[in-house]
Amino acid sequence: MPDALMLFAAGFGTRMGALTADKPKPLIEVAGRPLIDHALALRDAHGPLRTVANLHYRPDQLRAQLAGRDVLFSEEQPDILETGGGLRAALPLLGEGPVFTMNTDAAWTGANPLSQLATAWDPARMDALLLLVAPQDARGHTGKGDFLMDPEGRLSRGPGLIYSGVQILKPDLLPTIPEAAFSLNRLWDVMQAKRRLFGLRHQGGWCDVGRPDCIPLAEAMLAEAAHG
């Protein structure tokens, strides 16, 4: 069972415009608290996890926000390493074995995404288990979806279910990628070819907070859930 969590917090947040002129995207507030605090609340509700956040843009602000909250830091300088390179650079802090990874630019309602994945994780069959959202359950997302899922949960590429930004992944393939900066999509493609890439539908609501206009959408979703 994964006992470590990688929080992706190193992005520039360029789609957020003026909101990220003086602070990193994970510190943008939704419903009165920074996005990264929403992610940490899910971690804390799930249970103890060794947690690493990667940093790049205005790292001192994130260090201050996360001080004393059981988070280790993997700072990427001078260049940002993307999700795959960032995860690989953080492995000495994360330890061995499968790891949760979580983007820090979303809001959630319903079942805890980490706990859902942990319950369904089967390392004998799976090299990665991605939490997915049906388009009708997603807010703030403008794409056509990322994956198709067969009745056994195996994934293939194609418009359909949306990757939510949370997964369990075995990091074994990371050393095989020659580039310093690369996306975890590279690993997913290899896993799909081996029929070891799986998905799970999220039981609840999800909002992609990637643009300023997504903030009120996320706040409305959270308010609806709070009021039943």
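Right above here is the structure, for reference.
Bear in mind that the values here come from a model prediction, so they are computed numbers and not experimental data.

A. The arrangement of the overall build of the chain in detail. The number of helices and strands found in the chain is 6 helices and 14 strands. With the C-alpha coordinates of the chain rotated into their principal frame, the extents come out at 45 × 40 × 30 Å. By the burial criterion, 52% of the 228 residues in the chain qualify as buried. Intrachain contacts of the chain at a sequence separation of at least 6 include 71% that bridge at least 24 residues. Roughly 10100 Å² of accessible area belongs to the chain as shown, and the carbon and sulfur atoms make up 54% of that amount.

B. Just helix H5 (residues 185–193), in detail. Leu187, Trp188 and Met191 are the residues of H5 that are buried. Projection of H5 onto a plane perpendicular to its axis shows the buried side chains occupying an angular sector of 100°, all on one side. Arg195 sits one or two residues past H5 and shows a positive phi near 60°.

C. The sheet that holds strand E14 (residues 206–208), seen in detail. Reading across from one edge, E7-E14-E9 is the order of the 3 strands in this open sheet, with mixed pairing throughout. In this open sheet, the two edge strands, each paired with only one partner strand, are strand E7 (106–108) and strand E9 (138–139).

D. Spatial organisation of the pattern of salt bridges. All chains considered together, the criterion is met by 13 salt bridges. The partner of Asp37 in a salt bridge is Arg69, with the nearest N and O atoms 2.9 Å apart. Pair noted here: Asp37 is in helix H1 (residues 35–46) and Arg69 is in the loop between helix H2 (59–66) and strand E5 (71–75), with a separation of 32 residues, a long-range link. For Asp37, a relative accessible area of 12% corresponds to the buried category. When the shortest N-O distance is used, the salt bridge between Arg157 and Asp189 registers 2.9 Å.

E. Here's a closer look at the packing of H1 against helix H4 (residues 113–120). Across the interface, H1 lies against H4 with an axial gap of 8 Å and an inter-helix angle of 45°. Of the possible angle classes, the one that applies to H1 and H4 is oblique. Two secondary-structure elements touch here, H1 through Leu42, Arg43 and His46 and H4 through Pro113, Leu114, Ser115 and Ala118. When grouped by side-chain class, the residues that make up the contact of H1 with H4 number 4 nonpolar, 2 polar and 1 charged.

F. The side chain of Asp127, seen in detail. Topologically, Asp127 is positioned in the loop between H4 and strand E8 (128–133). The class of Asp127 is buried, set by a relative accessible area of 13%.

G. How the structure looks around the sheet that holds strand E4 (residues 50–55). Reading across from one edge, E5-E4-E1-E6-E12-E8-E13 is the order of the 7 strands in this open sheet, with mixed pairing throughout. Across the chains shown, the open sheet's two edge strands, defined by having one partner strand only, are E5 and strand E13 (197–201). For this sheet the average axis-to-axis angle between neighbouring strands, irrespective of direction, equals 25°. Examined bridge by bridge, strand E1 (residues 4–8) and E4 share 5 bridges and lie parallel to one another.

H. The nonpolar core, seen in detail. With 32 residues, the main nonpolar core has Leu7, Phe100 and Met102 as its most contacted residues. In terms of residue count, H1 provides more of this core than any other element does, 4 residues in total. Contact partners of Met102, with chain neighbours within four places excluded, come to Leu5, Met6, Leu7, Phe8, Ala39, Leu42, Pro113, Leu114, Gly165 and Val166.

I. Broad picture of the side chain of Gln167. Within the element layout of this structure, Gln167 appears in strand E12 (residues 162–169). Relative accessible area serves as the criterion here: at 1%, Gln167 is assigned to the buried category. Only 3.0 Å separates the side chain of Gln167 from the side chain of Trp188, close enough to count as a polar contact. Excluding residues within four positions of it along the chain, Gln167 makes contact with Val99, Phe100, Thr101, Leu117, Ala128, Leu129, Leu130, Leu184 and Trp188.

So, how was this worked out
Residues numbered from 1 in each chain as written. Predicted model: local features only at pLDDT ≥ 70, side-chain atom pairs only at ≥ 80, totals over all residues. Heavy atoms only, no water. Helix = DSSP H or I, 4+ residues; strand = E, 2+ residues; numbered from the N terminus. Buried < 20%, exposed > 50% of the residue type's maximum accessible area, 1.4 Å probe, protein only. Contact = heavy atoms within 4.5 Å. Areas by Shrake-Rupley, 256 points an atom, 1.4 Å probe, with all protein chains shown as cover. Arc of directions from axis to C-beta. Pairing = 2+ DSSP bridges. Salt bridge = Lys/Arg side-chain N within 4 Å of Asp/Glu carboxyl O. Axes fitted to C-alpha atoms, helices over the stretch in contact; angles between N-to-C directions. Parallel < 35°, antiparallel > 145°, perpendicular 65-115°, else oblique. Nonpolar A, V, L, I, M, F, W, Y, C, P; charged D, E, K, R; others polar. Core = buried A, V, L, I, M, F, W, Y, C linked by side-chain atoms within 4.5 Å. Polar contact = N/O pair within 3.5 Å; in protein donor to acceptor, adjacent residues only side chain to side chain.

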